[in-house]
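So the chains spell out like this:
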Amino acid sequence: MLRNNCISETRLIATAARAIGARLPPRWRLLERAESVNARSPRDVNRRIDAVWEIRAPDGRASDIIVEVKSKPVEPRLVGNVASQLKAKSYSRDEQLGATPAFILVSTYLSPLARERLVEAGISYADATGNIRFVVNRPAVFIETQGADRNPVKDERPLRSLKGGRAARVARGLFDYRPPFGIRELADEIASSPAMVSRVASLLEPDGIVTKASPRGRIDSVDWEALARRWASDYDFAASNTLTTWLEPRGTRALFVRLREAGLQYSVTGSFAAYRVAPFAEPRLATIYVDDPETAAQSLGLRPADTGGNILLVRPFDPVVFERTESDSGFTYARVTQVLLDLMTGPGRGPAEAEALLEWMRETEDRWKIPMTKST
Amino acid sequence: MDAGNGGPMEDSHDQVHIEARETLLDAVEALGPHSEAVILVGAQAIYVHTAPTDASFALSPFTYDADIVLDPELLGSSPAIVDAMSRAGFQLGDQPGLYRRDVGPQVDLLVPEAVGGPGRRAARLGVHGNRAAMKVHGLEGALVSHTRITIGSLVPGAGRACILKVARPAALLVAKVHKVGERLRDSDVRRRDPVAKDAFDMYRLLRAVDTPDLAAEFRRLQAHDVSSRVTSEALVLFRDLFSSPSGTGTGLVVEYVRGLEDTDFVVESSVALSRDLLEATSRH
């Protein structure tokens, strides 16, 4: 662990030095000095300096730069600590060398706020995404470049579940599309990131739910039934979404007539959506995803209900419930894959309805699996 | 699905349903020259108004009897009603106004109490006698509020049809409230049995008809001499029976749908629609 850390820190420093070196005026040089400072007091971690650079102008003037490296992003609130550490280190060094060095913090990623704090503290910085601010007074040099404002490597930690909208969105993608497909190809289709698709795929690979041609290759197959069961263990229709119960005293039919004319963004899920393709018992409870249940209820003329409600308006865990919907007789239905999950994990006779729907899905895979539009 | 168009019931009539409509048409034909005095009330009239929404129910709402109001003012002198009915096979039983054939549903000829003359149960109809029709309290609204509708045979391919006055929803509701109220007061428990179905018929009307339309019609009934009293009485009774989940009327509706519909929903729905109507009728 320590060794890996050292390697990555060394690499971070070298990368930063190269990036800054490339932006210096002609004949300026940035050198990495092999200093004995590190070895001088090895037991005093606080005083250990990660690296020392030397900036040298064409006229021969030079200055030292004390380099502090953090292999993890530095939180803005910790910038103060870093600054005092650096100053303490330079103080002990100055005593020996009698010079005033500049400071730079090198990290994988520095947020806009962290950078702001560093500027305030008079510390230069360079991160792996290309955010660089390099200021030396003598010889005078100033370099500033813009990198990422969001941490691009945040998603690299392994995923532990399909909970959360972003993971569920990918699960829906894996469920909806007909493999094989590339990681990036799927990410583009479902407006997710390749990193997120990768993480979900990695979670599902050990169980054989997803299989890949090679570790970094395309997804060859998805066992969608196993995926549905796996997803259902992390998803709970009533808990993952926000449910509100309403009454339409004239019955669901009256609601549907108005729904068709209301101009709302919605998608019908639950019993009514399943009944459309796999009739089970006559549905009673209309379950409908809407952006904002209160507003929707108002425009549909529904009344709040504690008991006896016949309409569930559901604020979804993720807008994916409005994507890849299906139209029938003027109504918008959530995709059958979403309906299945909602029923599997839903209350009442939902699980039984899910069984009937699953049966239909097994027989009609060609009808609901979406082919990838692009071929790679 | 539930939200489909039209009335599926119109396409899939069971035999009982077809027979009931045939009996009604037979009775109207038998009354021939008196047809201007005929107003359809009761379950078959309710069905005319609720057919488009009845498909929402898991249970078939239809009953068999043909309930007909006769407006004495529009009744001619011949043919004699009892004879005309008899010629069509409808025989009077023990009670005035209730006719039966050997098979099939009953035909009730009824006269609103306010225009039925003196006496307790039999309507006094001059040349037609005291047995031709039964006097009923609460049907007065049918004389004031009705609409002409073509009522056709439900036998596949049959072209038989007649244009008939059909009592409008508020008049039907008023009549049903009175019927339910009376039955509940009846000491004869056997007569109380079928009353849950009447309560359910009322609920079907509330579900099918827009509240503002219903309320406007109620006001018309209240404004008319012949129906004003029964309508005001009906609203008081209606509030008693239907405006709360614990109301007797609400309980009857639930009793009728138990096992077939979601009773929690029916309670909430029935109370909500009843309160809407009461609120709308109290506004002027």
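Residue numbers restart at each chain and count upward from 1, following the sequence in its written direction. Lettering of chains starts at A and numbering of ligands starts at 1, both following the order in which they are written. Local features in a predicted model are, by the rule used here, given only for residues with pLDDT of at least 70; side-chain atom pairs are given and counted only at 80 or more, and totals for whole chains, interfaces and linings are based on all residues.

**Considering the overall build of chain A**
By definition, any uninterrupted DSSP run of H or I lasting at least four residues is a helix, any uninterrupted run of E lasting at least two residues is a strand, and each is numbered from the N terminus. What chain A contains, in helices and strands, is 15 helices and 16 strands. For every residue, the other C-beta atoms within 10 Å of its own C-beta are counted; 20 or more classify it as buried, 12 or fewer as exposed, and values in between as partly exposed. C-beta atoms are placed from the backbone. Across the 376 residues that make up chain A, the buried fraction comes to 40%. What counts as a contact here is a pair of residues whose C-beta atoms, placed from the backbone, lie within 7 Å. Within chain A, contacts between residues at least 6 apart in sequence are counted, and of these 61% link residues at least 24 apart.

**Concerning the overall build of chain B**
Each helix and strand in chain B was counted, giving eleven helices and eight strands. Expressed as a percentage of the 284 residues in chain B, the buried residues total 47%. Of the contacts made within chain B by residues no fewer than 6 positions apart, 71% connect residues no fewer than 24 positions apart.

**Here's the deal with the interface of chain B and chain A**
Facing the 15 residues of chain B at the interface are 20 residues of chain A. When residues of the side of chain B that touches chain A are assigned to their parent elements, the largest contribution, seven residues, is made by helix α11 (residues 263-282) of chain B. For this classification, Asp, Glu, Lys and Arg are treated as charged, while Ala, Val, Leu, Ile, Met, Phe, Trp, Tyr, Cys and Pro are nonpolar and the rest, including Gly, are polar. Within the side of chain B that touches chain A, the residues separate by chemical class into seven nonpolar, three polar and five charged.

**Brief notes about the packing of helix α7 (residues 195-208) of chain B against helix α10 (residues 248-257) of chain B**
All names here are of chain B. Angles run from 0 to 180 degrees between N-to-C directions of axes, and those axes are lines fitted to C-alpha atoms, restricted for helices to the stretch in contact. Contact geometry for α7 and α10: axes closest at 8 Å, N-to-C directions at 100°. It follows that α7 is roughly perpendicular to α10 by the angle criterion. Within the contact between the two elements, α7 uses V195, A196, K197, A199, F200 and Y203 and α10 uses G249, L252, V253, E255, Y256 and V257. Looking at side-chain class alone, the contact of α7 with α10 contains nine nonpolar, one polar and two charged residues. When describing relative orientation, an angle under 35 degrees is termed roughly parallel and one over 145 degrees roughly antiparallel, while 65 to 115 degrees is termed roughly perpendicular and anything else oblique.

**Some thoughts on the confidence of the model for chain B**
A low pLDDT score tells you not to read the predicted coordinates there in detail. All names here are of chain B. Summarising the model, chain B shows a mean pLDDT of 89, and 89% of its residues fall at 70 or more. Scored below 50 in pLDDT, residues 1-11 makes 21 contacts in the model with residues more than four places away or belonging to other chains. For this predicted complex, the interface confidence score (ipTM) comes to 0.82, while the overall pTM stands at 0.70. Every residue carries a pLDDT, the predictor's confidence in it, which falls somewhere between 0 and 100.

**Quick look at the packing of helix α5 (residues 169-185) of chain B against helix α8 (residues 211-223) of chain B**
Residues and elements named next belong to chain B. Where α5 contacts α8, the axes come no closer than 8 Å and their chain directions differ by 70°. On the basis of their axis angle, the class for α5 and α8 is roughly perpendicular. Here P169, A170, A171 and V174 of α5 come into contact with α8, specifically with L214, E217, F218 and L221. Taken together, the residues that form the contact of α5 with α8 break down as seven nonpolar, no polar and one charged.

**Focus on unusual backbone geometry**
Most peptide bonds take the trans form, and the phi angle of most residues other than glycine is negative. All names here are of chain A. Between R138 and P139 the backbone carries a cis peptide bond, its omega angle lying at -5°. Of note, the amide linkage connecting P179 to P180 takes the cis form, showing an omega dihedral of 5°. One non-glycine residue, R27, lies in positive phi territory at about 70°. Considering the arrangement of structural elements, one finds R27 in the loop between α1 (2-23) and β1 (29-33). One non-glycine residue, R324, lies in positive phi territory at about 50°. Positionally, R324 belongs in the loop between β14 (311-315) and β15 (326-328).

**Concerning helix α8 (residues 224-234) of chain A**
Buried residues of α8 of chain A: W224, L227, A228 and W231 of chain A, and no others. For α8 of chain A, the angular spread of buried residues about the axis comes to 100°, placing them on one side. In this context, the arc is that of the directions from the helix axis out to the C-beta atoms.

**What to know about the sheet that holds strand β7 (residues 141-145) of chain A**
All names here are of chain A. Pairing is mixed in the open sheet, where seven strands are placed in the order β1-β2-β3-β4-β5-β6-β7. Each edge of the open sheet is held by one strand with a lone partner, namely β1 and β7. Across the sheet, the mean angle separating the axes of adjacent strands is 25° when strand polarity is ignored. When strand β5 (residues 124-127) meets strand β6 (residues 132-136), the two strands line up antiparallel, connected through two bridges. Note that in β6 the partner of Y125 across the bridge is R133. Between any two strands, at least two bridges found by DSSP are needed for them to pair.

**Points about α7 of chain B**
One turn of an α-helix holds 3.6 residues; hence residues three or four places apart share an orientation. Taking 1.5 Å per residue as the helical rise, α7 of chain B with its 14 residues ought to reach 20 Å, and the 20 Å between its terminal C-alpha atoms agrees with that figure. A large share of α7 of chain B lies buried, amounting to 13 of its 14 residues. Multiplying one less than the number of residues by 1.5 Å gives the expected span of a helix.

**Here's the deal with the pairing of strand β2 (residues 51-56) of chain A**
Residues and elements named next belong to chain A. Side chains A51, W53 and I55 of β2 all project onto a buried face; the interleaved residues V52, E54 and R56 project onto a face where none is buried. With five bridges joining them, β1 and β2 adopt antiparallel strand pairing. From the neighbouring strand, E32 faces β2, where its bridge partner is W53. Pairing of β2 with strand β3 (residues 62-70) involves six bridges; the strand directions are antiparallel. Paired with W53 across the two strands is I65, which belongs to β3. Where β2 folds back onto β3 in an antiparallel hairpin, the turn is made up of five residues, including G60, whose phi is positive at roughly 100°.

**As for the environment of R27 of chain A**
Owing to 9 C-beta atoms within 10 Å, R27 of chain A belongs among the exposed residues under this scheme. Along the sequence, R27 of chain A and P58 of chain A sit 31 residues apart, while their C-alpha atoms lie 5.6 Å from each other.

**Quick look at the nonpolar core**
Counting residues in each nonpolar core, the largest one holds 83 residues, and the members touching the most others are V41, I68 and A199 of chain B. Here this core takes nine residues from α7 of chain B, the largest share from any one element. When neighbours within four sequence positions are excluded, V41 of chain B is seen to be in contact with D67, V69, L139, A142, A167, L172 and A175 of chain B. In plain words, the nonpolar core is the set of buried Ala, Val, Leu, Ile, Met, Phe, Trp, Tyr and Cys residues that C-beta atoms within 7 Å link up. Formed by 67 residues, the second largest nonpolar core is a distinct cluster that contains I219, V222, W224 and V290 of chain A.

**Remarks on the pairing of strand β4 (residues 102-107) of chain A**
All names here are of chain A. For β4, the tally of buried residues reaches six of six residues, placing the bulk of the element in the interior. Across six bridges, the pairing between β3 and β4 is parallel. Considered in β4, the bridge of V67 is made with I104. For β4 and β5, the ladder comprises four bridges, and the chain directions are parallel. When the bridges of β5 are listed, V106 appears paired with A126. Call a crossover right-handed when, viewed with both strands pointing away from you, the route from the first strand across the helix to the second goes clockwise. Once the chain exits β4 it traverses helix α4 (residues 112-120) before rejoining the sheet at β5, and the crossover so formed is right-handed.

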